[in-house]
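So you can see what is in the structure, the chains are spelled out below.
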Amino acid sequence: MSILILGIIILIPVVFYLICSNSGGKSSNKTASKAGFWSRQFQIQTTSKQKIFDWIFGVGLPLICFVFDPVVFKGSGFRGALLGNFKPFAYILSFISVMAMSAWLIWGAKLKWFNAFLAGIFAVGGIISLIVGIILIPFSLIGLIILIGILGFTPLLSAIVFLRNAVRAFHAAKPFIEKPILIYSMVLSAIFSLTLPAVVNLQIKRSLDNVRNGDVEMIRAELKTLKYAAPLTNFDDLAFEYYRVPPQERKSERIQALAELYREITGKNIENSAVLMD
């Protein structure tokens, strides 16, 4: 968690400075052809191949990774999810980022001044994707043995997509809005796209803590909240909590209430999940 937060604190001002200071501008095809690889990735003009790449790694594959995620935000049943505590944050930010990317790829410059807000969302999405991708590198390399590890490199490629489109969206909004307002709009959207997922993540974490540490009444009171948030929530910690309790104490009213909550929300027996964690 500390690595993620530190990465966000360091990278956000750096990325925003680079976006705002990038003069961009229009370049001829001759100049574009002579540009280096990374220069071409962040040029204002886009190519048809880059747009296809953006659809794949900015929209398609991120959705596929969330659906078939075996260990990152959804537990595998053995050690739990690697970043399970950040599942609400990741899912909400990804939804916002993917929808924004779809709108940008469909309408582009036609969105005019609204692209300033998209630039902020893309900048945050790119930074978070980069940090997650770096964290997953060791696991992705190991996962290459069974091929599934290839998907672990998706966040790194998605980071390129979101960051370069942050630059392009920023410059697409330039003709329609004054630069100070443009920068403020981008920063405001970035704050929103970070704050909303973070607040939801903290609230869900608080509810899970109440279930783990609370009495029977507290567990039953949190049932309604967690039921609504079930698609965003990783319940591995509840199974771990059940597992940590000695077998002779699992018949207590509090532990049974925890097991009932787990079964009602996930549809699974907590005893089976806890056994896999042994």
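Note that the structure is predicted; figures quoted are calculated from it, not measured. (Residues numbered from 1 in each chain as written. Predicted model: local features only at pLDDT ≥ 70, side-chain atom pairs only at ≥ 80, totals over all residues. Heavy atoms only, no water.)

I'd like to hear about the overall build of the protein, residue by residue, with values.
The secondary structure content of the protein amounts to 12 helices and 0 strands. Within the protein, contacts between residues at least 6 apart in sequence are counted, and of these 72% link residues at least 24 apart. With an accessible surface of roughly 15100 Å², the protein has 68% of that area assigned to carbon and sulfur atoms. (Helix = DSSP H or I, 4+ residues; strand = E, 2+ residues; numbered from the N terminus. Contact = heavy atoms within 4.5 Å. Areas by Shrake-Rupley, 256 points an atom, 1.4 Å probe, with all protein chains shown as cover.)

So what about a nonpolar patch on the surface? Which residues, and what values?
There is a patch of nonpolar side chains on the surface, built from Ile134, Ile137, Leu141, Leu144 and Ile150 and spanning about 430 Å² of accessible area. Residue position: leucine 141 is located in helix H6 (residues 115-143). (Patch = residues over 30% accessible without salt bridge, like charges linked within 9 Å, V, L, I, M, F, W, Y side chains within 5 Å. Salt bridge = Lys/Arg side-chain N within 4 Å of Asp/Glu carboxyl O.)

Could you give an account of the environment of leucine 18, naming the residues involved and the relevant values?
By the secondary structure assignment, leucine 18 is in helix H1 (residues 2-21). Residue leucine 18 is classed as exposed on the basis of its relative accessible area of 52%. Separated by 149 residues in sequence, leucine 18 and valine 167 place their C-alpha atoms 8.6 Å apart. (Buried < 20%, exposed > 50% of the residue type's maximum accessible area, 1.4 Å probe, protein only.)

Give a description of the packing of H6 against helix H7 (residues 154-173) that names residues and reports values.
Interaxial distance between H6 and H7 falls to 7 Å at its minimum, and their mutual angle equals 160°. Taken together, the axes of H6 and H7 are roughly antiparallel relative to one another. Crossing of H6 over H7 shows left-handed handedness. (Axes fitted to C-alpha atoms, helices over the stretch in contact; angles between N-to-C directions. Parallel < 35°, antiparallel > 145°, perpendicular 65-115°, else oblique. Left-handed = near helix turned anticlockwise from the far one by under 90°.)

Residue-level account of the packing of helix H8 (residues 179-213) against helix H9 (residues 216-228), with values.
Interaxial distance between H8 and H9 falls to 9 Å at its minimum, and their mutual angle equals 150°. Taken together, the axes of H8 and H9 lie roughly antiparallel to each other. Helix-helix and strand crossings are classified by hand; for H8 and H9 the assignment is left-handed. Contacts from Ile204, Ser207, Leu208, Asn210 and Val211 in H8 reach Met218, Ile219, Glu222, Thr225 and Leu226 in H9.

Residue-level account of unusual backbone geometry, with values.
Positive phi values are uncommon outside glycine, yet lysine 112 reaches one of about 55°. As for its placement among the helices and strands, lysine 112 is situated in the loop between helix H5 (87-107) and H6. Judged by its relative accessible area of 44%, lysine 112 is partly exposed.

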